[in-house]
Amino acid sequence: MYVGFIGLGVMGQPMALNLARAGTRLVVWNRTPERCEPLRAAGAEVAASTADVFRRASTVLLMLADETSVDAVLGRGTPDFVPSVAGHTVVHMGTTAAEYSSGLQEDIRAAGGRYVEAPVSGSRVPAERGELVGMLSGDDDAVATVRPLLAPLCRETFGCGAVPGALLLKFSVNLFLIAVVTGLAEAFHFAERHGLDQRLFRDVLDAGPMASAVSRGKAPKLLERDFSVQAAAADVLKNNRLIAEAARKADLASPLLDVCHALYDETVRRGHGGEDMVAVLHALEARTAGAPASEERSTDASA
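Residues numbered from 1 in each chain as written. Predicted model: local features only at pLDDT ≥ 70, side-chain atom pairs only at ≥ 80, totals over all residues. Heavy atoms only, no water.

Enquirer: Explain the pattern of salt bridges to me, please; I cannot follow it from the model alone.
Expert: Any two side chains of opposite charge can pair if their charged atoms end up close together. A complete count under the given rule lists 21 salt bridges for this structure. Across the pair Arg202 and Asp203 runs a salt bridge, and its minimum N-O distance is 2.8 Å. Between Lys218 and Asp276 there is a salt bridge; the shortest N-O distance is 2.9 Å. You can see Lys218 sitting in helix α11 (residues 213-224) and its partner Asp276 sitting in the loop between α13 (255-272) and α14 (280-289), a full 58 residues away along the chain. The pair Lys218 / Asp276 is uniform in exposure class, with both members buried. Linked through salt bridges whose partners overlap, the residues forming this network are Glu45, Asp52, Arg55 and Arg56. (Salt bridge = Lys/Arg side-chain N within 4 Å of Asp/Glu carboxyl O. Helix = DSSP H or I, 4+ residues; strand = E, 2+ residues; numbered from the N terminus. Buried < 20%, exposed > 50% of the residue type's maximum accessible area, 1.4 Å probe, protein only.)

Next comes the structure, spelled out in structure tokens:
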């Protein structure tokens, strides 16, 4: 049997390519067909439809943008849902609300399928290098089936117990990531406005105890004002919202997250949603200039 992969966006395409290059018998589908062509060249087969993927693959990996996309691909709430998922292992690798994932698991189990929640930590570059970190939740037998399939994608995978443990753990990781990158952007803005040599600032940061893979990846982008996407600001805003909702439901204070949420909202409303998350620098610069958040270039977060 084949392994199916649906969703070939910024993260999904390099992930699927790593599977194909590792020799996985892969069948793929994407709403935009052109995204499938690199997979075809790498030896994967391109399905005519999502139903074709489920006919040919016993395990199907979903790397989709949101809950609506997952429901549409699975035919959830329609007569197509049970025939699609019965007898299959569905692996949800995107980022959605924890409650949504729990409900999806219940529906897939009731339809005779198995479910694994498998979000990953990392952006486009780690995805290209096969260096993501995987988090797995679900029934032990389903997780045991899926874990070896993820070896070409992840440098390490962690079992996280029952659903939605993996998503909640990813939320925890992303909360830290969002705060760190926002702080790094603010630090570059501070140094620049004080007339400091930003390359010197980068070098001092790299030499000291605050250096990390994140700072070494994002500092050059801030230095060069390179906003080409690795993790899109619009996706960061979505993650921020999901984490904030989870915090509210648990009656948790999240003051740093709340400030970041406001900054990324301003970033997206100013038309930078399709740029890398370091584009939060634009919101910081606008606040310094006293520009109101309503002065946006575009309201299209996917621009």
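What follows picks up the thread again.
Enquirer: Teacher, can you tell me more about the side chain of Asn174 here?
Expert: Summarising the element assignment, Asn174 is placed in helix α9 (residues 165-193). At a separation of 2.9 Å, a polar atom in the side chain of Asn174 contacts the side chain of Asn239. Ignoring any residue separated from it by four or fewer positions in sequence, one finds Asn174 in contact with Asn239 and Ile243. (Polar contact = N/O pair within 3.5 Å; in protein donor to acceptor, adjacent residues only side chain to side chain. Contact = heavy atoms within 4.5 Å.)

Enquirer: Help me out: how do you make sense of α9 in this one?
Expert: For the α-helix, the turn length of 3.6 residues means that residues three or four positions removed from each other point alike. Compared with an ideal rise of 1.5 Å per residue, which puts 29 residues at 42 Å, α9 spans 42 Å between its outermost C-alpha atoms and is within 8% of the ideal. With its phi angle positive at about 75°, Gly195 sits one or two positions after the end of α9. (Expected span 1.5 Å × (residues − 1).)

Enquirer: It is not clear to me how the layout of surface pockets should be interpreted in this structure. Could you clarify?
Expert: Remark: the empty space left among the atoms is shown by a probe the size of a water molecule rolled over them. Volume-wise, the second largest pocket comes out at about 230 Å³. Along its surface, the second largest pocket is lined by 15 residues, and Leu168, Phe171, Ile243, Ala246 and Ala247 are the ones closest to its centre. Its residues placed into classes, the lining of the second largest pocket shows eleven nonpolar, two polar and two charged. (1 Å grid on protein atoms, 1.4 Å probe; cavity = no way out; pocket = protein on both sides within 12 Å on 5 of 7 lines; lining within 4 Å. Points joined across faces, edges and corners; volume = space filled by probe spheres on them. Nonpolar A, V, L, I, M, F, W, Y, C, P; charged D, E, K, R; others polar.)

Enquirer: I tried to follow the side chain of Ser101 on my own but got confused; where do I start?
Expert: With respect to the helices and strands, Ser101 occurs in helix α6 (residues 98-110). On the accessibility criterion, Ser101 (0% relative accessible area) is buried. With residues up to four places along the chain from it excluded, the contact list for Ser101 reads His92, Thr96, Tyr115, Glu117, Val163 and Leu167.

Enquirer: Please clarify how the pairing of strand β6 (residues 114-117) should be interpreted in this entry.
Expert: Where a strand is regular, its side chains alternate between the two sheet faces. Bridge analysis of strand β5 (residues 89-92) against β6 gives four bridges, and the strand direction is parallel. Bridge assignment links His92 to a residue of β6, and that residue is Glu117. Handedness of the β5-α6-β6 crossover: right-handed. Across two bridges, the pairing between β6 and strand β8 (residues 132-138) is antiparallel. When the sheet's bridge partners are listed, Glu117 is paired in β8 with Ser137. (Pairing = 2+ DSSP bridges. Right-handed = clockwise from strand over helix to strand, strands pointing away.)

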